[in-house]
Amino acid sequence: MGLSSFFKRVKKDAKNEEIVECHIDINTDDCDGCEKCGIACPNNVFMMVDNVSKVRDSQVCKNCKICMAICPNDCITVN
Ligand code: SF4
Ligand code: SF4
């Protein structure tokens, strides 16, 4: 348990367009497995592992911060 960190680096895609950099932290000590982040995320970033939210793929995060707003335990930070 503890703090899980996931990074998305700025880079160019195949069309030479810049990809947004996202850094997602999940405080797994406070996560109660409610799955609200996974349901709310429009880009399917999260998955549940052993009743704790994990980042499935940080590359698809669009930095909308919906997950931060919806988590009842303030577990998620995206910047
Ligand atoms: S919304 Fe928060 S408490 Fe619920 S599963 Fe996601 S990180 Fe855990
Ligand atoms: S910031 Fe938006 S796209 Fe990124 S993980 Fe949170 S809800 Fe999903």
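Residues numbered from 1 in each chain as written. Chains lettered and ligands numbered in written order. Predicted model: local features only at pLDDT ≥ 70, side-chain atom pairs only at ≥ 80, totals over all residues. Heavy atoms only, no water.

**Section: the site of ligand 2**
In the neighbourhood of ligand 2, the contacting residues comprise Cys41, Pro42, Asn43, Val45, Phe46, Cys61, Lys62, Asn63, Cys64, Lys65, Ile66 and Cys67. Put simply, ligand 2 lies in the second largest cavity. (Near = heavy atom within 4 Å. 1 Å grid on protein atoms, 1.4 Å probe; cavity = no way out; pocket = protein on both sides within 12 Å on 5 of 7 lines; lining within 4 Å. Sits in = over half its atoms within 2 Å of the grid points.)

**Regarding the site of ligand 1**
Near ligand 1 lie 13 residues; those nearest to it are Cys31, Cys34, Glu35, Cys37 and Cys71. When each cavity is represented as a set of grid points, ligand 1 is found to reside in the largest cavity. Among the residues forming the shell around ligand 1, the class breakdown is seven nonpolar, three polar and three charged. (Nonpolar A, V, L, I, M, F, W, Y, C, P; charged D, E, K, R; others polar.)

**Things to note about the confidence of the model for the protein chain**
Overall, the predicted model of the protein chain reaches an average pLDDT of 88, with 85% of residues at or above 70. Per-element mean pLDDT across the protein chain ranges from 68 in strand S1 (residues 3-8) up to 98 in helix H1 (residues 36-40). (pLDDT = per-residue confidence, 0-100. Helix = DSSP H or I, 4+ residues; strand = E, 2+ residues; numbered from the N terminus.)

**Looking at the environment of aspartate 25**
Take aspartate 25: it is sitting in strand S2 (residues 22-27). In the structure, aspartate 25 is positioned 53 residues away from valine 78 in sequence and 6.5 Å away in space, judged by C-alpha atoms. For aspartate 25, the side chain forms a polar contact with the side chain of histidine 23, separated by 3.2 Å. (Polar contact = N/O pair within 3.5 Å; in protein donor to acceptor, adjacent residues only side chain to side chain.)

**What about the side chain of aspartate 25?**
Owing to a relative accessible area of 13%, aspartate 25 belongs among the buried residues under this scheme. Each residue touching aspartate 25, except ones within four places of it in the same chain, is listed here: Leu3, Ser4, Ser5, Cys75, Ile76 and Thr77. (Buried < 20%, exposed > 50% of the residue type's maximum accessible area, 1.4 Å probe, protein only. Contact = heavy atoms within 4.5 Å.)

**Examining unusual backbone geometry**
Outside of glycine, negative phi angles account for most residues, and trans bonds account for most peptide bonds. Unlike most non-glycine residues, glutamate 35 shows phi in positive territory, near 70 degrees. Turning to its location among the elements, glutamate 35 is positioned in the loop between S2 and H1. Even without being glycine, asparagine 63 reaches a positive phi, approximately 65 degrees. One can find asparagine 63 in the loop between strand S4 (52-55) and helix H2 (66-70).

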